[in-house]
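# Fold and geometry: a report
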Amino acid sequence: MPNAMPCPTGQPLDQPVERVEQPVERVEQPVERVEQPVERVEQPVERVEQPVERVEQPVERAGPRPPRRRLSLRRILCLLPLLVVGVWVVRHRSLIGSGARQTLTADPYWLLAAVATTGLGWVAVSFARQGTVLERLPAGRLFATQFAAGAANHLLPAGIGAGAVNIRFMTGCGLPPARSSAALALYVLAEAVTRMGLLLVLFLAFPEALRLGPLVPEPVSGMVVAGVVAGAGALVAGVALLRPVRRIVVTFVRTALADARSLHARPSRALALWGGSLAFPLLQAAGLVAVALALELPVRPAHVVLAYLAATAAAAVVPSPGGIGSVDAALVIALAAAGAPVDSATSAVLAYRFITVWLPLIPGALVLGGLVRSKIV
């Protein structure tokens, strides 16, 4: 074993070294936390509330006010026929009273027959109107329109009122205005042809039925014929010379001819058109025959029919609303020319016009107002 190296202090290293461990004293000084109280100075907020003066004005409650309803144009149009008819009835009350008194003294069964023929006349017109278009029109509305057109016909002369009602009805059914106007023209043409055809046939069958010499002087009849010829000539000259009018007429005639060719290609439409146009004047003349039989007028029924056709053809020269005045005078003259006494002819005409014109006038005006309100016409 090697010798131990001497320590610088002269002592050998193998002597134990004494470790003196002195305890470390940890002085923990308590930390004093000085909590100073925070003084919260709350200054009171003064809320100055100014009193609001509410001035309550007394409200006058006079009950619920009804809502104001404005009169629309359609509502005015609904009431217009009734107003016009009312004025018309008041102005012609003496004529209506005379016709009503004449009907009270007549045979009631023949008067009922006259009423029935008048109603069937509207059915015939409905068939004729259906025959002027290819499209199928609603039957109920079509008949109601023809019934209302009779009342509208008393507002404007020359059948303008009835034509306007029918054009609006067809336009409401989906037909263009040009085709509706062409259908109206075709109906007027068919009725004129059948009426004049019947008149010509009866004139040839009974050439001595009407004796107008004692009633209408020859100068008056000559003036009437000259006036008709002059009016027709002026109409043709106006159409030929005025280019805008000529263009409208040519377009209208082309549309009417095209529709007529299409209609006559279908036998059902052609039969409705010509059958209804033929039946309508015959039914109207049959109503006059029934009234003449009810009043025991000393005229043959065929002569009464001829008198009716001649009177209506002559009254068309002097158009008036509903034919009032012109048709009445022409019927009296025609019946007197057929051999009836003037007073008896006047009584028959008053009774006939009361049944065909004045009796359905107010109901027709009511139906017309309903159709306008329902936007059918």
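## Some words on the pattern of salt bridges
Counted according to the given criterion, the structure contains 3 salt bridges. When the shortest N-O distance is used, the salt bridge between E191 and R195 registers 3.0 Å. Taken together, the residues E191 and R195, both in helix α6 (residues 177-205) and 4 residues apart, mark about one turn of the helix. Here R195 falls in the buried class, since its relative accessible area comes to 12%. Across the pair R353 and D328 runs a salt bridge whose closest N-O atoms are separated by 2.7 Å. Note that R353 is positioned in helix α12 (residues 342-358) and D328 in helix α11 (residues 326-337), a separation of 25 residues in sequence.

## Looking at the nonpolar core
Across soluble globular proteins, nonpolar side chains show a tendency to be buried alongside one another. With 41 residues, the main nonpolar core has V291, L331 and L335 as its most contacted residues. Ranked by the residues each element gives to this core, the list is headed by helix α10 (residues 301-315), at 9 residues. The residues contacting V291, other than those within four sequence positions of it, are L111, A114, A348, A351, Y352 and I355. Core analysis: the second largest hydrophobic core is formed by 18 residues, F169, A183, I376 and V377 among them.

## As for the environment of I376
Locating I376 in the fold gives a position in the segment after α13 (361-373). Looking at I376, the relative accessible area reads 16%, which means it is buried. Setting aside its immediate chain neighbours within four residues, I376 contacts R141, R168, F169 and L371.

## What about helix α4 (residues 139-152)?
An α-helix turns once every 3.6 residues. As a result, residues three or four positions apart point the same way. Its 14 residues place the ends of α4 20 Å apart at the C-alpha level, agreeing with the 20 Å of an ideal helix rising 1.5 Å per residue. Among the residues making up α4, those that are buried are L142, A144, T145, Q146, F147, A148, A149, A151 and A152.

## Structural notes on α11
End to end, α11 covers 16 Å across 12 residues, agreeing with the expected 16 Å (1.5 Å per residue, within 8%). The buried fraction of α11 is high, at 10 of 12 residues. Within α11 the residues assigned to the buried category are S326, V327, D328, A330, L331, V332, A334, L335, A336 and A337. Immediately beyond the C-terminal end of α11, within one or two residues, lies G339, with a positive phi of roughly 115°.

## A word on the packing of aromatic side chains
All told, the structure shown has 2 aromatic pairs when counted by the stated rule. Look at W122 and F147: their rings are 4.7 Å apart centre to centre, the planes differ by 85°, and that puts the pair in the edge-to-face class. Of this pair, W122 sits in helix α3 (residues 108-130) while F147 sits in helix α4; the two residues are 25 residues apart in sequence, bridging distant segments of the chain. Of the residues examined, F147 reaches a relative accessible area of 17% and is grouped as buried. Sitting above the plane of the Y187 ring, R129 keeps its charged end 3.8 Å from the centroid.

Conventions used here
- Residues numbered from 1 in each chain as written.
- Predicted model: local features only at pLDDT ≥ 70, side-chain atom pairs only at ≥ 80, totals over all residues.
- Heavy atoms only, no water.
- Salt bridge = Lys/Arg side-chain N within 4 Å of Asp/Glu carboxyl O.
- Helix = DSSP H or I, 4+ residues; strand = E, 2+ residues; numbered from the N terminus.
- Buried < 20%, exposed > 50% of the residue type's maximum accessible area, 1.4 Å probe, protein only.
- Core = buried A, V, L, I, M, F, W, Y, C linked by side-chain atoms within 4.5 Å.
- Contact = heavy atoms within 4.5 Å.
- Expected span 1.5 Å × (residues − 1).
- Phe/Tyr/Trp six-rings, centres within 6.5 Å; stacked < 30°, edge-to-face > 60°.
- Lys NZ or Arg CZ within 6 Å of the ring centre and 35° of its normal.

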